[in-house]
Amino acid sequence: MASQLKFVLPLSILAISFSYICNADSCSSHTFSDNRVYSSCTDLPHLGAALHYNQSISANSIDIAFRAPQSSFGWVAWGLNPKGSSMVGSQVLVAFFHSNGSLVAYPTQLDSYSPSMAPGDLTFPVSLVSAEYVKKEMIIYATLGLPDAKTKYNHVWQAGSTVTGDVPGVHPTSGENVLSKGTVDFQ
């Protein structure tokens, strides 16, 4: 039994190391449509998501591409919370397939644990919001004016499996879905 453990342990360490190396390179090797290129990216630790961005210091803005695996029946969202570290208070971009078959993306505010998810203005400028669905990933694009002229923010990201009446449904309230938040520094 002891000799078997000697072989199992190195193989498991090798598998974990290989997995980490593959994940570490996945956002930097991603190719976007329309020859979009992003100078920075990070693989987010939950939901298989990644955030790509270009910062314009002179304009105090960022161009982002958020991508996450999703079926054509679900939705994805990403956003900043300029005042806190949780979902409530976040200013997000959401994308899903509308009942007319078009992929829609728009900004919305998460003002409670049961937000309306209706399109609305954010507390900071957002423009050029769009989305695409490629290889079973939803990708949200946008340009954001960075609030309070900072570079470090709390951010949240999410994915849900249903859209009903053209409104994203509730996401799971356990596992990776409740862990999908962190800090991003656009510097």
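Residues numbered from 1 in each chain as written. Predicted model: local features only at pLDDT ≥ 70, side-chain atom pairs only at ≥ 80, totals over all residues. Heavy atoms only, no water.

1. Considerations on the environment of Asp-166
And then number 1: Topologically, Asp-166 is positioned in the loop between strand 10 (163-164) and strand 11 (167-168).
And then number 2: Exposure remark for Asp-166: the relative accessible area of 24% places this residue in the partly exposed category.
And then number 3: Sequence separation between Asp-166 and Ala-118 is 48 residues; the distance between their C-alpha atoms is 9.5 Å.
And then number 4: Only 2.7 Å separates the side chain of Asp-166 from the backbone nitrogen of Ser-99, close enough to count as a polar contact. (Helix = DSSP H or I, 4+ residues; strand = E, 2+ residues; numbered from the N terminus. Buried < 20%, exposed > 50% of the residue type's maximum accessible area, 1.4 Å probe, protein only. Polar contact = N/O pair within 3.5 Å; in protein donor to acceptor, adjacent residues only side chain to side chain.)

2. Examining the confidence of the model for the protein chain
And then number 1: Residues at a pLDDT of 70 or more form 87% of the protein chain, whose mean pLDDT is 83.
And then number 2: Throughout residues 1-25 the model reports pLDDT below 50, and contacts reaching past four residues in sequence, or to other chains, amount to three contacts. (pLDDT = per-residue confidence, 0-100. Contact = heavy atoms within 4.5 Å.)

3. Considerations on the side chain of Ser-180
And then number 1: Mapped onto the elements, Ser-180 comes out in the loop between helix 2 (176-179) and strand 12 (181-185).
And then number 2: At 2.6 Å, the side chain of Ser-180 and the backbone oxygen of Trp-157 are in polar contact.
And then number 3: Side-chain polar atoms of Ser-180 contact the side chain of Gln-158, separated by 3.3 Å.
And then number 4: Setting aside anything within four residues of it in sequence, one finds Ser-180 in contact with His-46, Leu-47, Val-156, Trp-157 and Gln-158.

4. A closer look at the packing of aromatic side chains
And then number 1: Taken as a whole and judged by the stated rule, the model has six aromatic pairs.
And then number 2: Ring plane angle 80 degrees and centroid distance 5.4 Å describe the contact between Phe-97 and Tyr-133, whose orientation is recorded as edge-to-face. With a gap of 36 residues between them, Phe-97 in strand 5 (residues 91-97) and Tyr-133 in strand 7 (residues 126-134) connect regions that are remote in the sequence.
And then number 3: Judged by relative accessible area, Tyr-133 falls into the partly exposed class, the value being 29%.
And then number 4: Taking the centre distance of 6.2 Å and the plane angle of 45 degrees together, the rings of Tyr-153 and Phe-186 count as tilted. In this pair, Tyr-153 is assigned in strand 9 (residues 152-160) and Phe-186 in the segment after strand 12, connecting sequence segments 33 residues apart. In this structure, Tyr-153 and Phe-186 share a single accessibility class: buried.
And then number 5: Cluster of aromatic residues (ring-pair linked, three or more members): Phe-32, Tyr-38 and Tyr-141.
And then number 6: Over the ring of Tyr-141 we find Arg-36; its NZ or CZ atom is 3.5 Å from the centre of that ring. (Phe/Tyr/Trp six-rings, centres within 6.5 Å; stacked < 30°, edge-to-face > 60°. Lys NZ or Arg CZ within 6 Å of the ring centre and 35° of its normal.)

5. Comments concerning the pattern of salt bridges
And then number 1: Evaluated as defined, the whole model comprises two salt bridges.
And then number 2: With its nearest N and O atoms 3.8 Å apart, the salt bridge here joins Arg-36 to Asp-34.
And then number 3: Accessibility expressed as a relative area gives 29% for Arg-36, which makes it partly exposed.
And then number 4: Under the relative-accessibility criterion, Asp-34 is labelled exposed at 62%.
And then number 5: The residue Glu-137 makes a salt bridge to Arg-67 at a minimum N-O spacing of 2.7 Å. With Glu-137 in strand 8 (residues 137-145) and Arg-67 in strand 3 (residues 61-69), the pair connects residues that are 70 residues apart, well separated along the chain.
And then number 6: Take Glu-137: its relative accessible area is 14%, and that puts it in the buried class. (Salt bridge = Lys/Arg side-chain N within 4 Å of Asp/Glu carboxyl O.)

6. Looking at the sheet that holds strand 7
And then number 1: The strand order 1-2-3-8-7 describes an open sheet built from five strands, whose pairing is antiparallel. Because the sheet does not close on itself, it has two edges, and the strands there are strand 1 (40-43) and strand 7. Ignoring which end each strand starts from, the neighbouring axes of this sheet average 15 degrees apart. (Pairing = 2+ DSSP bridges. Axes fitted to C-alpha atoms, helices over the stretch in contact; angles between N-to-C directions.)

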